[in-house]
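# Survey of secondary and tertiary structure
As a plain string of letters, each chain reads:
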Amino acid sequence: MVAFGKKLKDRQIEEWQGYYINYKLMKKRVKQYARQIEMGDLERRYVLKDFSRMLDSQIEKIVLFLLEQQGLLASRIANLGEEQDLLQTEPDLPKIACLRESYRDIGRDLLKLLFFVEINAIGLRKILKKFDKRLGYRFTDYYVKTRANHPYSQLQQVFKHVGLGAVVGAISRNLAELEDRRGSFLSIYDQPTRPLQDPVIDSIKAAVDRLSYSTNFLTFLAQHALIMHEELPTPTEEPVDDQRYHFMSLFLNLVNTFLYMVNTYIIVPTADDYSMSLGAAATVCGVVIGAMAGAQIFSSIYFSAWSNKSYFQPLVFSSIVLLVGNVMYALAYDWNSITVLLLGRLFCGLGSARAVNRRYISDCVPLKIRMQASAGFVSASALGMACGPALAGLLQVEFKIYMITVNQNTLPGWVMAVAWLLYLIWLWISFREPARPFLEDDDREYSAGRTEGDALEKGPTQPLLLGSEAHQDEENDDQECDGSEEPSEDSRAPVNSIGAAYKLLTPSVKVQLLIYFMLKYAMEILLAESSVITSYYFNWTTGKVSIFLVCLGLTVLPVNMIVGSNISNMFEDRQILLASEIMVCLGIIANFHIIVPYTVTQYVTSGLIMFVSAEVLEGVNLSLLSRVMSSRLSRGTFNGGLLSTEAGTIARVIADATITLGGYAGQNRLLNVTLLPALAICILAIIGTCLTYNTQY
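Here goes a summary of the coordinates provided. Everything quoted here is computed from the prediction, not taken from an experiment.

This brings us to the overall build of the protein chain. Along the protein chain, the regular secondary structure elements total 27 helices and two strands. With 697 residues in all, the protein chain has 58% of them scored as buried. Within the protein chain, counting contacts between residues at least 6 apart in sequence, those at least 24 apart form 85% of the total. Carbon and sulfur atoms form 61% of the exposed surface of the protein chain, whose accessible area is close to 29,200 Å².

Here is the structure:
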């Protein structure tokens, strides 16, 4: 991989080269500090003061040039405004067209300026990280806290691009004024929901969004999808390929996500009754529920590989397999066969196309709406999780059609079979296979890796958490400094095996995957055994279990809204991560049956704490995971999304198997037996988090 210093030099705008951060000089100074401190020639306070002065000087150079360029843009806009005023009384179509193009030229120059700011912000973050790593100080925290909140802060100019918004607004307003409004007297301020449709403005907005990416509900929610974005910004417009993006195809992918989650959880309230009606123990519900997740471990891999060639074909195959699986699940009752029941669930798992859904958003949705699409993916999953148990609670009927029994156990299978049949017809009519020019050159797959600009997402108060790519950049920087041979560009190619993907996992990535495993395990234990536990302790009916599960599912979006819009603006991600892990642990402990009698209040409260904390933990964990994962895992079959999906799916399978095995200890011990492994894994994850972040920070 090319070192960041070389990347920075290659991406610089030639006429502005003297105003960029001198990353190479600062990197050499950091190495010099490290050598002198080892020899005992320098004191810590001198190093901090000298490097702070150097950073202040670099930032001041950047900011003064930024202000100068803003002034030039403002002056050009003012001059064009005078020409525009003259056209109000004497309209001249050729001059109006010329003015519009002049405003677009200013927009293109503004795009270059935004690119300039972003590149410098990335450089500042990387050099601060390098300083902390080499010298063992927490200099970043000190520097950001003392500079960011100062009334004369120049750091805010870099990270918050103060003043550029006014330039964007002026260009947008004047371009809108010059458009043919066909008698309308409304301005852009009167119609904020109808933004100006102009490619230059769209590119500017995309650049501003990338640079000013502040934590909010939408972005926090989208982090659950673990869909990675472009690697580095470009100073030119990024046109949207309309041939690849098709709204109905995207919508069909989201519907597939929704239906699959409904299919997963619609059987949870009745799985124990169904198992007993076929002569098995109630705790066999763990295997029945887990069979779908077990098959998904394998289906995720071949669906991910299939999506390299097509999206339509795997979605059709998925729908057919799920249709067959649900019919088998429903017929198992009349055939009195637990084997057919399990095979039906296995077929459903083999039809899991979540890897295709995620890949479609990553590859075919334009960058400017990819965040909304990612949030839609997670919202569809959450809605499906809530609707599944809700439907199960409504399907409380019993009758026969010829030799086929329809009751609360079989009806979920029949309902989902009909749903997948209708979806298959809709898919066949409306889905459009996107153009896939990247298939002509596989090397292009790795050209759209993870953006280092994501490090800018939350402003100067966001802690640095550079991942394996950053680690590789730092190593390459060191090689460049030492005069050693530059690493091969082939090292950025997507991995082609699970073994190669595993080798790219750094200790921090492994800890994040362990956390993901833990939270999925805890959530599956809570959800999958809910019908057995509540039936044994509280004599709950299927309807009451459904209401409980629906209430849990409905907390997903509100919790993410609160965390994304408020909590994540007040605390660092790593603080929320650790606090969420501790809350999950406390929820597990509170759920143990130690005090007799075991009450509904204890079960519901502890379950709510577990579930809500795990949801918060998932968003923060995947956000951090997307930043510490190698860019080579952003594309190809064995991508980061697949690895996280596999970790979560394996956790669910093990949890469901634990429920079935725990049944041998008796239903009176089932709760404690299944919670013990969850508690052990949670404690291990907390220890791993503490060790990892104490080392990094």
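Let us keep going from here.
Quick look at the packing of aromatic side chains now. Aromatic ring pairs are reported here in terms of the distance separating the ring centres and the angle at which the planes meet. Counted by the stated rule, this structure contains 31 aromatic pairs. Between Phe51 and Phe131 the ring centres are 4.5 Å apart and the planes differ by 15°, which places this aromatic pair in the stacked class. Within this pair, whereas Phe51 is found in helix α3 (residues 44-89), its partner Phe131 is found in helix α4 (residues 93-135), the two being separated by 80 residues in sequence. When sorted by exposure, Phe51 lands in the same class as Phe131, which is buried. Centre to centre, the rings of Trp540 and Phe548 are 6.0 Å apart; their planes meet at 65°, and the pair counts as edge-to-face.

Inspection of every chain in the model, using the stated rule, returns eight salt bridges. The residue Asp50 makes a salt bridge to Arg53 at a minimum N-O spacing of 3.3 Å. Residue Asp50 and its partner Arg53 are both found in helix α3; the two are separated by three residues, about one turn of the helix. Assessed through its relative accessible area of 13%, Asp50 is described here as buried. Classification of Arg53 by relative accessible area gives partly exposed; the value is 47%.

Further remarks concern the environment of Ile659. Note that Ile659 resides in helix α26 (residues 640-662). Taking the relative accessible area as the measure of exposure, Ile659 reaches 0% and is therefore buried. Separated by 374 residues in the primary sequence, Ile659 and Cys285 have C-alpha atoms spaced 8.1 Å apart. Those residues in contact with Ile659, other than ones at most four positions away along the chain, are Thr283, Gly286, Glu524, Ile525, Ala528, Glu529, Leu670 and Thr674.

One way to put it is that helix α10 (residues 247-265) packs onto helix α13 (residues 312-335) with a least axis distance of 12 Å and a crossing angle of 20°. With respect to α13, the element α10 is oriented roughly parallel. Here α10 runs over α13; the crossing is left-handed. Judged by residue contacts, Asn253, Asn256, Tyr260 and Asn263 of α10 engage Leu315, Ser318, Leu322 and Asn326 from α13. When grouped by side-chain class, the residues that make up the contact of α10 with α13 number three nonpolar, five polar and no charged.

For the rest of this paragraph, the subject is helix α2 (residues 23-39). Taking 1.5 Å of rise per residue, the 17 residues of α2 would be expected to cover 24 Å, and the 25 Å separating its terminal C-alpha atoms lies within 8% of that figure. If you check which residues of α2 are buried, you get Tyr23, Met26, Lys27, Val30, Lys31, Tyr33 and Ala34. For α2, the arc enclosing every buried residue in end-on projection is 150°, short of the 170-degree limit, so these residues lie on one face. Positive backbone phi, approximately 80°, marks Gly40, located one or two places after α2.

What follows is about the environment of Val620. With respect to the element layout, Val620 can be found in helix α25 (residues 600-628). Along the chain, Val620 and Asp573 lie 47 residues apart, while their C-alpha atoms are 6.2 Å from each other.

Two packed helices can be described by the angle between their axes and the distance between those axes. Axis separation between helix α12 (residues 285-306) and α13 bottoms out at 12 Å; the angle between their running directions is 165°. By the angle between their directions, the pair α12 and α13 is classed as roughly antiparallel. The two elements α12 and α13 cross, and the hand of that crossing is right-handed. Across the interface between the two elements, Val288, Met292, Tyr302, Phe303 and Trp306 from α12 touch Gln313, Pro314, Phe317, Ser318, Leu322 and Tyr329 from α13. Of the residues contributing to the contact of α12 with α13, the split by class is nine nonpolar, two polar and no charged.

Criteria and cut-off values
Residues numbered from 1 in each chain as written. Predicted model: local features only at pLDDT ≥ 70, side-chain atom pairs only at ≥ 80, totals over all residues. Heavy atoms only, no water. Helix = DSSP H or I, 4+ residues; strand = E, 2+ residues; numbered from the N terminus. Buried < 20%, exposed > 50% of the residue type's maximum accessible area, 1.4 Å probe, protein only. Contact = heavy atoms within 4.5 Å. Areas by Shrake-Rupley, 256 points an atom, 1.4 Å probe, with all protein chains shown as cover. Phe/Tyr/Trp six-rings, centres within 6.5 Å; stacked < 30°, edge-to-face > 60°. Salt bridge = Lys/Arg side-chain N within 4 Å of Asp/Glu carboxyl O. Axes fitted to C-alpha atoms, helices over the stretch in contact; angles between N-to-C directions. Parallel < 35°, antiparallel > 145°, perpendicular 65-115°, else oblique. Left-handed = near helix turned anticlockwise from the far one by under 90°. Nonpolar A, V, L, I, M, F, W, Y, C, P; charged D, E, K, R; others polar. Expected span 1.5 Å × (residues − 1). Arc of directions from axis to C-beta.

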